[in-house]
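Architecture and fold: a report
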Amino acid sequence: MPAPNANLSALLSANKKHITPALGHLHDHIIVKGEGAKVWDEEDKEYIDFTAGIGVTNLGHSHPAVTAAVINQVQQVQHVQCSIAYSVPYLQLVENLLPIMPDKSLDTFFFWNSGAEAIEFAIKMTKRSTQRPNIICMQGGYHGRTYAASSITRSKTIYTLGSHTMGGVYATPFPYWHSLGVSPDTPEEELVAMAKTQLELLIKQQVAPSDVAAIFCEPVIGEGGYVPAPASWLRFLREFTTKHGMLLVIDEVQTGFGRTGKMWYSEHVEGFVPDVITFAKGLANGFPLSGIASRREIMEKQEPGTIGGTYAGNPVACAAAVAVTEVFKTQPILENVNARSAQLFETLNALKASPKTGNLIADVRGKGLMVAIEFRTDDELTLKGSTGPVPKDIGKRVQKKIIDQGIFVLTTSCFDTMRFIPPLVITEEEMATACKAITTAVEEVAREG
Ligand SMILES: Cc1ncc(COP(=O)(O)O)c(C=O)c1O
């Protein structure tokens, strides 16, 4: 563990005022070390990282296999620009990904640096392949902060505030009760039926289906509140897009690499095969790398030169990703996700069922280790089932109390939602510590009112 370092505190206070205020910080400190599910700051304070760097360090911070692969690659060659030549890890990554893709038809790849860039290419590629100009996205969906990616993002207006967005984008409700204006206990099949009706209306009233290149959908709405897609919704999107000659892009940037208890969320829905999937985050466990996979025939419609990038598919990042895929082959990562997920859900469901805290909670949801608790606010929908007045700003207050107990935790969405997204290797003991901290925090807020 690092010793407290006064020089680092001075470094922080002298320089942070020169960093754009457009960037917020959860923890106003420097992280100097990370190991497994834990991180340490410059004051030597230890935290369990329930953010995993926003769903990135799936194998835990500084996983030894990733570290070794990166050191080895740094000593071989650090930069091979992807349109100049191939690198060994780039090709090894393709070789390792092929057998683990949700379907063998997804056999052609391009690697970029960030999730948003993978989305940019997916937008460009689907329009180019279909020769159609428009995109349909999900209300509540998040795909990144670059120009086209933020234009198809509908989780919060802050992502496009004051900036011009790309045209030709239509949003349709995801089967989430908020998007449909119904109560949290509405049965899944009713939500899906309502969402289907809205999509059918959209192609009758707003944009002709023959003018739509693709539908983009996160299989678990992420920044928009951690809402898993019912299997029937994904199946419907598959049939709908096929029927209308559109492509179906499933954005697994956050859900991929074991986050929901299978390698891909798409695998939870038997027989479900998207046309394109985008991925990033857990792929390289912290190194900047993203990917897009599709069928050869779709990728072939892009002329050489359509895509590229100075750092795209950097060999060091690819080496990290190769190590990640090897760890998944040999370690029981998915088993741990499912066991720790059950532990976390038990705590959250108990809080919802408890007469002490239940009134604060509108919904507990998620899949694997992508889990959320939505608190009640004073709006009509979330108040349904409430047994009394609801305190204000529950999420922010609970968050502060959890962080004070040594657990980093994030809120998300425009509703009062807290998300839990720890490294997939979190131990039973660490999860128990976090569950205790969550319970204490929610109980305290309930008591304080
Ligand atoms: C589903 C999804 N797509 C795209 C992105 C954008 O990825 P990046 O932040 O790497 O650009 C994110 C990031 O949170 C995401 O969750």
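The following paragraphs examine the structure supplied in this document. Throughout, residues of each chain are indexed from 1 in the direction in which the sequence is written. Side-chain atom pairs in this predicted model are given and counted only at pLDDT of 80 or more, local residue features only at pLDDT of at least 70, and totals for whole chains, interfaces and linings cover all residues. To obtain the side-chain values, all non-hydrogen atoms of the structure were included, while hydrogens and water were left out.

A look at the overall build of the chain
Secondary structure is summarised from DSSP: a helix means a run of H or I of at least four residues, a strand means a run of E of at least two, and numbering begins at the N terminus for each. The helix and strand tally for the chain stands at 15 helices and 17 strands. In this description the radius of gyration comes from C-alpha coordinates, and the expected globular size is given by 2.2 Å times residues to the power 0.38. Against the compact-globule benchmark of 22 Å for 449 residues, the chain has a radius of gyration of 22 Å, which places it among compact chains. In terms of its C-alpha atoms, the chain occupies a principal-axis envelope of roughly 60 × 55 × 45 Å. Any pair of residues with heavy atoms lying within 4.5 Å of one another is described as a contacting pair. Looking at the chain alone, contacts between residues at least 24 apart form 71% of all its contacts between residues at least 6 apart. Summed over all atoms, the accessible surface of the chain reaches about 19,200 Å², with 54% contributed by carbon and sulfur. His residues and chain termini do not enter the charge count, which takes Lys and Arg as positive and Asp and Glu as negative. By convention, the point assigned to a charge is CZ for Arg, NZ for Lys, CD for Glu and CG for Asp. Looking at charge distribution, the chain has the averaged site of its 40 positive side-chain charges lying 3 Å from that of its 47 negative ones. Reported accessibility uses the Shrake-Rupley method at a 1.4 Å probe radius. Residues are deemed covered only where the shown protein chains occlude them.

Notes on helix α12 (residues 333-353)
Between the first and last C-alpha of α12 there are 30 Å, a value that for 21 residues agrees with the 30 Å anticipated at 1.5 Å per step. Here α12 has its buried residues at Ile333, Asn336, Val337, Arg340, Ser341, Gln343, Leu344, Phe345, Thr347, Leu348 and Leu351. In this structure, the buried side of α12 is in contact with α11 (315-330), β13 (361-367), β14 (370-375), β17 (417-420) and α15 (428-448). Here a helix's expected span is defined as the number of its residues, less one, multiplied by 1.5 Å. Think of it in three bands: residues with accessible area under 20% of the maximum for their type are buried, residues over 50% are exposed, and the middle band is partly exposed, with areas taken using a 1.4 Å probe on protein chains only.

With respect to the site of the ligand
One heavy atom within 4 Å of a molecule or strand is enough for the residue carrying it to be called near that molecule or strand. Around the ligand sit Ser114, Gly115, Ala116, Tyr142, His143, Gly144, Glu218, Glu223, Asp251, Val253, Gln254 and Lys281, and those are all the residues in its vicinity. Each polar contact in these results corresponds to two N or O atoms within 3.5 Å; when the atoms are within protein, one needs to be able to donate a hydrogen and the other to accept it, and residues that are neighboring in sequence are counted only if both atoms are side-chain atoms. In this structure, an oxygen atom belonging to the ligand sits 2.8 Å away from a main-chain N or O atom of Gly115. In the model, an oxygen atom of the ligand is placed 2.8 Å from a nitrogen or oxygen of the Ala116 main chain. Protein coverage of the free-state accessible area of the ligand, which is 390 Å², stands at 83%. Put simply, Ala, Val, Leu, Ile, Met, Phe, Trp, Tyr, Cys and Pro go in the nonpolar bin, Asp, Glu, Lys and Arg in the charged bin, and everything else, Gly too, in the polar bin. For the shell around the ligand, the residue count by class is three nonpolar, five polar and four charged.

Here's the deal with the layout of surface pockets
Approximately 640 Å³ is the volume found for the second largest pocket. What lines the second largest pocket is a set of 22 residues, and nearest its centre among them are Tyr90, Thr108, Phe109, Phe110 and Ile307. Put simply, the parts of the chain that give the lining of the second largest pocket at least two residues each are α4 (88-97), β4 (108-112) and α10 (296-299). Throughout, the protein atoms alone are placed on a 1 Å grid, and a set of points is a cavity if a 1.4 Å probe fits but cannot get out or a pocket if it is open with protein on both sides within 12 Å along at least five of seven lines; lining residues have an atom within 4 Å of a point. Grid points are joined across faces, edges and corners, and a volume is the space filled by probe spheres set on the points.

Let's talk about the packing of aromatic side chains
Geometry of aromatic contacts follows a simple scheme: Phe, Tyr and Trp rings, the Trp one being its six-membered ring, pair when their centres are within 6.5 Å, and the pair is stacked under 30 degrees between planes, edge-to-face over 60, tilted otherwise. Overall, the coordinates contain 15 aromatic pairs when judged by the stated rule. Between Tyr47 and Phe408, the aromatic rings sit 4.4 Å apart at their centres with planes inclined by 10°, giving stacked as the arrangement. Highlighted residues: Tyr47 in strand β3 (residues 46-49) and Phe408 in strand β15 (residues 407-408), separated in sequence by 361 residues. No difference in accessibility class separates Tyr47 from Phe408, as the two residues are buried. Their ring planes at 70° and their centres at 5.2 Å tell us that Phe257 and Trp264 sit as a pair that is edge-to-face. The pair formed by Phe257 and Trp264 is uniform in burial state, with each residue classed as buried. Members of the aromatic cluster, each reached through a chain of ring pairs, are Phe257, Trp264, Phe279 and Phe328.

Considering the pattern of salt bridges
Here a salt bridge means any side-chain nitrogen of Lys or Arg lying within 4 Å of a carboxyl oxygen belonging to Asp or Glu. Scanning the model with the defined rule gives 19 salt bridges in all. With its nearest N and O atoms 3.0 Å apart, the salt bridge here joins Glu223 to Arg419. Of the two residues, Glu223 is situated in the loop between β8 (220-221) and β9 (227-228) and Arg419 in strand β17; the sequence distance between them amounts to 196 residues. Residue class for Arg419 comes out buried when judged on its relative accessible area of 3%. Through salt bridges with shared partners, a single network forms among Arg238, Asp275, Arg295 and Glu297.

Focus: the packing of α12 against α15
At a minimum axis distance of 10 Å, the contact between α12 and α15 shows a crossing angle of 15°. Classified by the angle between their axes, α12 and α15 sit roughly parallel to one another. The interaxial crossing formed by α12 with α15 has right-handed handedness. Each of Arg340, Gln343, Leu344, Thr347, Leu348 and Leu351 in α12 lies in contact with α15, whose residues at this interface are Glu428, Met431, Ala432, Cys435, Ile438, Thr439 and Val442. Considered class by class, the residues forming the contact of α12 with α15 number eight nonpolar, three polar and two charged. Here the axes come from fitting lines to C-alpha atoms, over the contacting stretch only for helices, and the angles between their N-to-C directions go from 0 to 180 degrees. Note that the term roughly parallel is reserved for angles under 35 degrees, roughly antiparallel for angles over 145, roughly perpendicular for angles of 65 to 115, and oblique for everything else. Here a crossing is called left-handed whenever its near helix is offset anticlockwise from the far helix by less than a right angle, and right-handed whenever the offset is clockwise.

Digging into the sheet that holds strand β6 (residues 169-173)
Taken in spatial order, the seven strands line up as β4-β12-β11-β10-β7-β5-β6 in an open sheet, and their pairing is mixed. A strand with exactly one partner marks an edge of an open sheet, and here the two such strands are β4 and β6. On average, adjacent strands in this sheet sit at an angle of 20° to one another, irrespective of strand direction. Sheet topology note: the strand β10 (residues 247-251)/strand β11 (residues 276-279) ladder contains three bridges and is parallel. Within the sheet, the bridge partner assigned to Val249 lies in β11 and is Val276. Contacts between α4 and the sheet are confined to β4 and β11, with β4 contributing the most and set at about 130° to the helix. Lying over the sheet, helix α9 (residues 231-243) contacts β5 (134-139), β6, β7 (212-217) and β10, oriented at roughly 170° with respect to β7. At least two DSSP bridges between two strands are needed for those strands to be called paired.

Some words on the environment of Trp112
Along the chain, the position of Trp112 falls in strand β4. Residue classification places Trp112 among the buried positions, given a relative accessible area of 15%. Taking the C-alpha atoms as reference, Trp112 lies 8.2 Å from Asn314; in sequence the two are 202 residues apart. Leave out the neighbours within four places in its chain, and Trp112 touches Glu117, Ala118, Phe121, Pro288, Leu289, Ser290, Ile307, Gly308, Gly309, Ala312 and Gly313. Of the polar contacts made by the side chain of Trp112, one reaches the side chain of Glu117; its length is 3.3 Å.

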